[in-house]
Amino acid sequence: MQSANMLLKKFVRSSVLPFAAQHGMKKDLFPVSRTLSLSLCLKQDNSCNPSEKLDLDAWKKVMKSGLQEEVSETVSEHKELSTLAAARETLEMWRLAGRSVPENITEEQLQTFMECPSKSAKKKYLRYLNLKELYKKNDRRKMDEKRERRLETQEQASKTDETRRNSFICLWASCMDRAYSWRVAQSMIFGQPLVFDMSYEKDMSVREVTNTVRQIVLSESCNRRSVDPFHIHFCNFKDDSLYHKEFVKHYRDAWGKLLITATDQCYTEVFPKDKLIYLTADSPKVMKTFDHDKIYIIGSMVDKSIKTGVSLARAKRLGLETAALPLEKYLLWNAGAKNLTLDQMMRILLTLKDTGDWKKALEFVPKRKYCGFVSRPVHELKKTLNLINTLKLGKRQEELRKQFAKNYSKKLMEK
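Here goes a summary of the coordinates provided. (Residues numbered from 1 in each chain as written. Predicted model: local features only at pLDDT ≥ 70, side-chain atom pairs only at ≥ 80, totals over all residues. Heavy atoms only, no water.)

1. Some details on the sheet that holds strand S1 (residues 193–197)
Spatially, 6 strands are ordered S3-S2-S1-S5-S4-S6 in an open sheet, and the strand pairing comes out parallel. Each end of this open sheet is capped by a strand with a single partner; those strands are strand S3 (261–262) and strand S6 (321–323). Pairing between strand S2 (residues 231–235) and S3: 2 bridges, direction parallel. Paired with His233 across the bridge in S3 is Thr261. Docked against the sheet, helix H12 (residues 342–354) engages S1, S2, strand S4 (276–279) and strand S5 (295–299), running at close to 165° with respect to S5. (Pairing = 2+ DSSP bridges. Helix = DSSP H or I, 4+ residues; strand = E, 2+ residues; numbered from the N terminus. Contact = heavy atoms within 4.5 Å. Axes fitted to C-alpha atoms, helices over the stretch in contact; angles between N-to-C directions.)

Written out as structure tokens, the structure reads:
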């Protein structure tokens with residue numbers, strides 16, 4: 001055993017130690033040699049055969065292979081560190097040169113930057129990282145500004161809470177609400193009825209039904225705040241319809257407290273036919289004045305495809321009188337359909353009911369649909385336009401006659 005230990009020590013001193021000293025691994029070698037000697041001692045203690053000999057060539061091969069692996073690993077680590085440092089230096093140089101380089105870059109991003117095949121690809125990758133960093137900074141800045149604004153509004157709200165809690169303001173709001181409700185309640189008894197025909201659910205998509213209900217909600221709020229409101233009737237209204245579901249979504253608990261009349265009956269069953277007038281843009285008859293004794297019907301329909309003649313056909317089927325708003329009489333209409341939204345119709349009818357002035361009422365028509373108001377009646381404008389055209393034609397004929405005479409005289413002179 002002693003001879004084997006001695007041979008191992010000689011081998012380590014002669015061949016392994018100089019190799020380890022060259023590569024800076026002398027300190028790591030002592031525990032390895034110690035474990036080897038201990039393992040040899042244990043093997044010889046356990047094996048009772050004194051004839052077994054130590055194979056020094058095998059041990060030499062094992063030691064050399066292990067040392068070479070460790071040395072290669074350390075060399076590769078040093079190379080990676082050196083390449084990463086060089087890449088960071090190049091990035092710093094590019095940043096100083098004014099190129100778009102991110103301020104903070106991770107090791108993974110640096111590795112992908114080094115793996116780029118060309119310089120242009122590296123530049124594109126760095127530009128992408130820089131833009132990503134800028135977007136993050138911008139989002140963070142926006143979030144900070146939003147937070148500051150929220151804090152400012154909270155501070156202002158806390159400052160103005162005292163004025164909001166003023167008893168006079170609260171009393172005024174509650175009194176106005178009661179006054180509006182009282183007017184609508186009076187209109188349910190003494191007011192002029194206005195009917196919304198709710199029988200067009202099959203002719204519309206779900207989105208169009210939601211838009212229709214939204215416009216009716218706006219119409220109801222306008223009617224509630226007016227001086228002399230209508231008594232609104234929802235006729236042909238069913239409880240399990242899409243209209244009903246959308247109204248419940250909008251009003252929630254207030255749906256059962258609305259001062260309107262909703263019925264599944266047709267308006268011909270509720271009111272006499274001779275008093276009903278169906279307002280439709282397709283009607284050949286033009287409405288001249290607002291009649292306070294009549295009951296006007298508005299079709300609760302929003303159609304993006306503009307289905308012409310649907311409401312007119314329904315009114316004719318029921319044998320009702322129809323009317324259209326005199327848009328061409330008072331407005332210089334542009335090209336396009338003359339269909340208005342339900343809340344616009346409600347504002348026009350309320351203004352006509354209060355004032356009887358068509359110009360004031362038709363101010364609620366969107367200005368993109370017309371050029372301006374007509375200053376004179378349409379038939380007079382047509383007469384003036386025809387006169388201008390005839391004068392233009394007459395002048396043109398005289399000019400042509402004079403030109404022909406000149407050309408003819410020149411030809412005669414040439415002959």
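2. Focus on unusual backbone geometry
Its identity as a non-glycine residue notwithstanding, Asn236 has a phi of 60°, on the positive side. Considering the arrangement of structural elements, one finds Asn236 in the loop between S2 and helix H8 (242–251). With relative accessibility at 15%, the residue Asn236 sits in the buried group. In this model, Arg252 sits at a positive phi of 60°, which is unusual for a non-glycine residue. Residue class for Arg252 comes out exposed when judged on its relative accessible area of 66%. (Buried < 20%, exposed > 50% of the residue type's maximum accessible area, 1.4 Å probe, protein only.)

3. Considering helix H10 (residues 310–318)
For H10, the full list of buried residues reads Ser311, Leu312, Arg314 and Ala315. The arc enclosing the buried residues of H10, seen along the axis, measures out at 160°, which places them on a common side. In H10, the exposed residues that point more than 90 degrees away from the buried face are Lys316 and Arg317. Tucked inside the fold, the buried residues of H10 contact S1, helix H9 (267–270), S4 and S6. (Arc of directions from axis to C-beta.)

4. Re the packing of helix H7 (residues 206–225) against H8
Interhelical geometry of H7 versus H8 gives an angle of 55° and a closest axis separation of 9 Å. One way to sum up the angle between H7 and H8 is to call them oblique. Judged by the twist between their axes, the crossing of H7 over H8 is right-handed. Residues Val206, Val209, Thr210, Thr212, Val213, Arg214, Ile216, Val217 and Glu220 of H7 touch H8, and the partners they reach there are Leu242, Tyr243, Glu246, Phe247, His250 and Tyr251. Here the contact of H7 with H8 is built from residues that sort into 9 nonpolar, 3 polar and 3 charged. (Parallel < 35°, antiparallel > 145°, perpendicular 65-115°, else oblique. Left-handed = near helix turned anticlockwise from the far one by under 90°. Nonpolar A, V, L, I, M, F, W, Y, C, P; charged D, E, K, R; others polar.)

5. Points about H8
Within H8, burial applies to Tyr243, His244, Glu246, Phe247 and Tyr251. Along the axis of H8, the buried residues cluster in a sector spanning 165°; they form a single face. Elements that come into contact with the buried residues of H8 comprise H7 and S2. Looking one or two residues beyond H8, the residue adopting positive phi is Arg252, at roughly 60°.

6. Focus on the pattern of salt bridges
Inspection of the entire model under this criterion finds 8 salt bridges. Salt-bridge contacts for Glu103 lead to Lys137; the nearest nitrogen and oxygen are separated by 3.3 Å. Of this pair, Glu103 sits in the loop between helix H3 (56–96) and helix H4 (107–114) while Lys137 sits in helix H5 (residues 119–164), and the two are 34 residues apart along the sequence. By relative accessible area, which is 52% here, Glu103 ends up exposed. We classify Lys137 as partly exposed; its relative accessible area is 36%. Across the pair Asp197 and Arg314 runs a salt bridge whose closest N-O atoms are separated by 3.1 Å. Linking Asp197 in strand S1 with Arg314 in helix H10, this pair joins segments that are 117 residues apart in sequence. (Salt bridge = Lys/Arg side-chain N within 4 Å of Asp/Glu carboxyl O.)

7. With respect to the side chain of Thr280
Considering the arrangement of structural elements, one finds Thr280 in the loop between S4 and S5. The contacts of Thr280, once residues within four sequence positions are left out, are Ser311, Leu312, Thr322, Ala323 and Ala324.

8. Topic: a nonpolar patch on the surface
Side chains of Leu131, Leu134 and Tyr135 sit close together on the surface and give an oily, nonpolar patch of about 320 Å² of accessible area. Among the secondary structure elements, Tyr135 is positioned in helix H5. (Patch = residues over 30% accessible without salt bridge, like charges linked within 9 Å, V, L, I, M, F, W, Y side chains within 5 Å. Areas by Shrake-Rupley, 256 points an atom, 1.4 Å probe, with all protein chains shown as cover.)

9. Concerning the packing of aromatic side chains
This structure, assessed with the given rule, holds 14 aromatic pairs. Taking 6.0 Å as the distance between ring centres and 40° as the angle between the ring planes, the aromatic pair formed by Phe234 and Phe237 counts as tilted. With respect to burial, Phe234 and Phe237 carry one shared label: buried. Centroid distance Phe234 to Phe247: 5.3 Å. Interplanar angle 20°. Geometry classified as stacked. In this pair, Phe234 sits in strand S2 while Phe247 sits in helix H8, placing the two residues 13 residues apart along the sequence. Across this residue pair, the class does not change: Phe234 and Phe247 are buried. Members of the aromatic cluster, connected to one another through ring pairs, are Phe196, Phe234, Phe237, Phe247, Tyr251 and Trp255. One cation-aromatic arrangement involves Lys353 over Phe230; the distance from NZ or CZ to the ring centre is 4.3 Å. (Phe/Tyr/Trp six-rings, centres within 6.5 Å; stacked < 30°, edge-to-face > 60°. Lys NZ or Arg CZ within 6 Å of the ring centre and 35° of its normal.)

10. What about the nonpolar core?
Phe234, Phe247 and Tyr267 are the most contacted members of the largest nonpolar core, which has 57 residues in total. Counting residues per element, this core draws most heavily on H12, which supplies 7 residues. Residues Ile105, Phe113, Cys116 and Tyr125 belong to the second largest nonpolar core, which totals 12 residues. (Core = buried A, V, L, I, M, F, W, Y, C linked by side-chain atoms within 4.5 Å.)

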